[in-house]
Amino acid sequence: MHRRIAALAVTVATAGAMLLGTASTASATGPGFWLRSHHASLAECQAVGNAGADNGLWSRVFICNPFAGKPGVYELWIRY
């Protein structure tokens with residue numbers, strides 16, 4: 001019984017931390033930014049951001065943030 005309660009507590013704590021981590025990442029980008037895509041590396045994220053800006057799809061202002069839910073994944077936040 002104690003193991004089940006402990007496992008449930010760990011699950012709830014982990015889920016809460018993931019939600020807070022995601023919220024803090026989204027709020028760190030500021031107003032006017034939209035999540036565009038996820039990438040396997042920071043270099044790939046920046047290359048896609050620059051390519052979109054060069055083609056006039058979005059402005060030169062974009063952000064590559066580490067994804068809180070998965071290490072090694074980066075989110076491309078763009079501003080139109």
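Here, every reference points to the structure presented above.
Attention in this report is confined to the structure presented alongside it. Since we're looking at a predicted model, the values are computed, not measured.

What counts and how
Residues numbered from 1 in each chain as written. Predicted model: local features only at pLDDT ≥ 70, side-chain atom pairs only at ≥ 80, totals over all residues. Heavy atoms only, no water. Phe/Tyr/Trp six-rings, centres within 6.5 Å; stacked < 30°, edge-to-face > 60°. Helix = DSSP H or I, 4+ residues; strand = E, 2+ residues; numbered from the N terminus. Buried < 20%, exposed > 50% of the residue type's maximum accessible area, 1.4 Å probe, protein only. Pairing = 2+ DSSP bridges. Axes fitted to C-alpha atoms, helices over the stretch in contact; angles between N-to-C directions. Expected span 1.5 Å × (residues − 1). Arc of directions from axis to C-beta. Contact = heavy atoms within 4.5 Å. Disulfide = S-S within 2.5 Å.

## A few points about the packing of aromatic side chains
- Counting across every chain of the model gives one aromatic pair.
- Judged by centre distance (5.5 Å) and plane angle (50 degrees), the ring pair of Trp34 and Tyr80 falls under tilted. On the criterion of sequence distance, the pair formed by Trp34 in strand β1 (residues 34-39) and Tyr80 in the segment after β3 (74-78) is long-range, its members being 46 residues apart.
- We classify Tyr80 as exposed; its relative accessible area is 58%.

## Overview of the sheet that holds β1
- Read across the open sheet, the three strands follow the order β1-β3-β2; overall the sheet is antiparallel. Two strands in the sheet have a free side with no partner beyond their single neighbour: β1 and β2 (62-66). On average, each strand axis in the sheet is inclined to that of its neighbour by 25 degrees, with strand direction left out of account.

## So, helix α2 (residues 42-54)
- Its 13 residues place the ends of α2 18 Å apart at the C-alpha level, agreeing with the 18 Å of an ideal helix rising 1.5 Å per residue.
- Listed as buried for α2 are Cys45, Gly49, Gly52 and Ala53. The buried residues of α2 occupy an angular sector of 100 degrees when the element is viewed end-on, so they sit on one face. Looking at α2, the residues exposed on the side facing more than 90 degrees away from the buried face are Ala43 and Asp54.
- Where α2 is buried, its residues meet β1, β2 and β3.
- At the C-terminal side of α2, Gly56 shows a positive phi close to 75 degrees.

## Notes on the state of the cysteines
- Scanning all chains against the criterion turns up one disulfide.
- A sulfur-sulfur separation of 2.2 Å characterises the disulfide bridge that pairs Cys45 with Cys64. The S-S bond linking Cys45 to Cys64 shows a torsion near -95 degrees; that makes this disulfide left-handed. With Cys45 in helix α2 and Cys64 in strand β2, this residue pair connects regions lying 19 residues apart in the sequence. Summarising the burial analysis for this pair, Cys45 and Cys64 share the class buried.

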